[in-house]
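The primary structure of each chain is shown beneath.
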Amino acid sequence: MRKILITGALGQIGTELTAEMRKIYGSGNVVASNRRIKEGHEQLIESGPFEIIDVNDPVALASAVDKHKINTIVNLAAILSATGEKDPQQCWNINMNGLYNVLEISREKNCMLFTPSSIAAFGPLTPKDETPQDTIQRPTTMYGVTKAAGELLCDYYFKKFGVDTRGVRFPGLISYKTLPGGGTTDYAVHIYYEALKNQEYTCFIQKGTYMDMMYMPDAISAIIDLIEADSGRLKHRNAFNVTAMSFEPEMIAASIRKFIPEFKLSYDVDPIRQEIANSWPNSLDDSAAREEWDWNPKYNLDTMTQDMLEKLRVKLDV
Ligand code: SER
């Protein structure tokens, strides 16, 4: 029986992963945690066990693992790329020292650990198109540095201590439930909100900038499928390339226009986030994930756009 602890459970991925895991494993077996209570998450907090945990507090982590007899940890507590460039020290502290604490608890208490990596673990020297699973990384953002170092540290804990560590390199994640906080790919979420509210959007990423993206239901399946994957089939661990689509701003605008023909896209490029985007791949090769644990995303750009607009129309009441 899995007993799961999710850190950063009130974030963009955590809110949806907690709900889905509670459906699959039973509410009582999925402990959500976050470093603080955030407004608007009452339903999640009341739908099962919840703990206030800062990943920088190893005592709080250990006591929650003991109290709930946890055997699986999903470590989602992290600072994203653009916020990380504003405060690199805090980014290192949460992403790296937090991960170290979670790895040590996993080693001491024999837990499986899932930690997401990111397309940010790549850098300007990485082959840009169909970026291979195993290739040059050399990221140039603090977020990317913590993700690449985190991958190495998770692989080290597997090899040295036998901790069952697993992870994926997520692309930009698009969802309608909880907003992402301070990422470079966030434009691809905001654009849907503005398309519905104002029929126009001013994009901070330049026309022609390709990045990988994925709709949240596929991201949630990726986490659960990799956690449940047969360990014997895994040649890689930290972390698998996964992607569902690669597009640039004009392509998502064209997809939105299939449903909102009057939608207008303009640009006011943010040099910091543009530089980050330029250092990331245009598209990933995710064949290792497909071969080793049957990764197979369901949503493409148009099916995602249709679902996003339908769900957001209800949420925003427009
Ligand atoms: N979505 C993330 C970001 O933009 C990438 O992992 O920071």
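Please read these numbers as outputs of a predicted model, since none were measured by experiment.

**Thoughts on the site of the ligand**
As a structural note, the neighbourhood of the ligand is formed by Leu-80, Ser-81, Ser-118, Tyr-143, Gly-183, Thr-184, Thr-185 and Trp-280. Within the backbone of Thr-184, one N or O atom sits 2.6 Å away from an oxygen atom of the ligand. Notes on the ligand: free accessible area 240 Å², of which the protein chains cover 94%. Its residues assigned to classes, the shell around the ligand comprises three nonpolar, five polar and no charged.

**Overview of the packing of helix 5 (residues 88–109) against helix 6 (residues 142–161)**
Put simply, helix 5 and helix 6 touch, their axes get as near as 10 Å, and they point 15° apart. By the criterion of interaxial angle, the relationship of helix 5 to helix 6 is roughly parallel. By crossing handedness, the relation of helix 5 to helix 6 is classed as right-handed. Between helix 5 and helix 6, the contacting residues are Pro-88, Cys-91, Trp-92, Asn-95, Met-96, Leu-99, Tyr-100, Leu-103, Glu-104 and Arg-107 on the first element and Met-142, Tyr-143, Val-145, Thr-146, Ala-149, Gly-150, Leu-153, Cys-154, Tyr-157 and Phe-161 on the second. Here the contact of helix 5 with helix 6 is composed, by residue class, of 15 nonpolar, three polar and two charged.

**Some points on the side chain of Thr-126**
In this fold, Thr-126 is placed in the loop between strand 6 (117–118) and helix 6. Here the side chain of Thr-126 touches Gly-123 through a polar contact of 3.0 Å, landing on its backbone nitrogen. Here the side chain of Thr-126 touches Ile-136 through a polar contact of 2.8 Å, landing on its backbone oxygen. Dropping the residues within four chain positions of it, Thr-126 is found in contact with Thr-131, Thr-135, Ile-136 and Gln-137.

**Some details on helix 12 (residues 301–316)**
For an α-helix, the turn length of 3.6 residues means that residues three or four places apart are oriented alike. With 16 residues, helix 12 extends 21 Å from end C-alpha to end C-alpha; this agrees with the ideal 22 Å at 1.5 Å per step. Of the residues making up helix 12, those classed as buried are Leu-301, Met-304, Thr-305, Asp-307, Met-308, Leu-309 and Leu-312. Contacts made by the buried residues of helix 12 are with strand 9 (172–174), helix 7 (187–198), strand 11 (211–215), strand 13 (245–247) and helix 9 (249–257). Between the side-chain oxygen at the start of helix 12 and the backbone nitrogen of Asp-302 there is a gap of 3.1 Å, and the oxygen is on Asn-300.

**Some points on the sheet that holds strand 13**
Reading across the sheet, the three strands line up as 9-11-13 and stay open at both edges, with mixed pairing between neighbours. Each edge of the sheet is formed by a strand with only one pairing partner; in this case those strands are strand 9 and strand 13. The sheet shows a mean angle of 40° between the axes of neighbouring strands, direction not considered. Judged from the three bridges that link them, strand 11 and strand 13 form a sheet pairing that is antiparallel. The residue bridging Met-211 from the neighbouring strand is Phe-247, located in strand 13.

**Remarks on the pattern of salt bridges**
Side-chain pairs of opposite charge can arise where the charged atoms are in close proximity. According to the stated counting rule, one finds 14 salt bridges in the structure shown. Between Glu-51 and Lys-67 there is a salt bridge, with the nearest N and O atoms lying 2.6 Å from each other. Taken together, the residues Glu-51 in strand 3 (residues 50–52) and Lys-67 in helix 3 (residues 58–67) connect sequence positions 16 residues apart. A salt bridge links Glu-194 to Lys-197, with the shortest nitrogen-to-oxygen separation between them at 4.0 Å. Pair noted here: Glu-194 and Lys-197 are both in helix 7, with a separation of three residues, about one helical turn.

**Remarks on helix 1 (residues 12–25)**
For helix 1, built from 14 residues, the straight-helix expectation of 20 Å at 1.5 Å per residue is met to within 8% by its first-to-last C-alpha distance of 20 Å. Among the 14 residues in helix 1, 10 count as buried, and that is most of the element. Residues of helix 1 that are buried include every one of Gln-12, Ile-13, Gly-14, Thr-15, Glu-16, Leu-17, Thr-18, Met-21, Arg-22 and Tyr-25, and no others. Just beyond helix 1, the residue with positive phi is Gly-26, at close to 95°.

Cut-offs used in this document
- Residues numbered from 1 in each chain as written.
- Predicted model: local features only at pLDDT ≥ 70, side-chain atom pairs only at ≥ 80, totals over all residues.
- Heavy atoms only, no water.
- Near = heavy atom within 4 Å.
- Polar contact = N/O pair within 3.5 Å; in protein donor to acceptor, adjacent residues only side chain to side chain.
- Areas by Shrake-Rupley, 256 points an atom, 1.4 Å probe, with all protein chains shown as cover.
- Nonpolar A, V, L, I, M, F, W, Y, C, P; charged D, E, K, R; others polar.
- Axes fitted to C-alpha atoms, helices over the stretch in contact; angles between N-to-C directions.
- Helix = DSSP H or I, 4+ residues; strand = E, 2+ residues; numbered from the N terminus.
- Parallel < 35°, antiparallel > 145°, perpendicular 65-115°, else oblique.
- Left-handed = near helix turned anticlockwise from the far one by under 90°.
- Contact = heavy atoms within 4.5 Å.
- Expected span 1.5 Å × (residues − 1).
- Buried < 20%, exposed > 50% of the residue type's maximum accessible area, 1.4 Å probe, protein only.
- Pairing = 2+ DSSP bridges.
- Salt bridge = Lys/Arg side-chain N within 4 Å of Asp/Glu carboxyl O.

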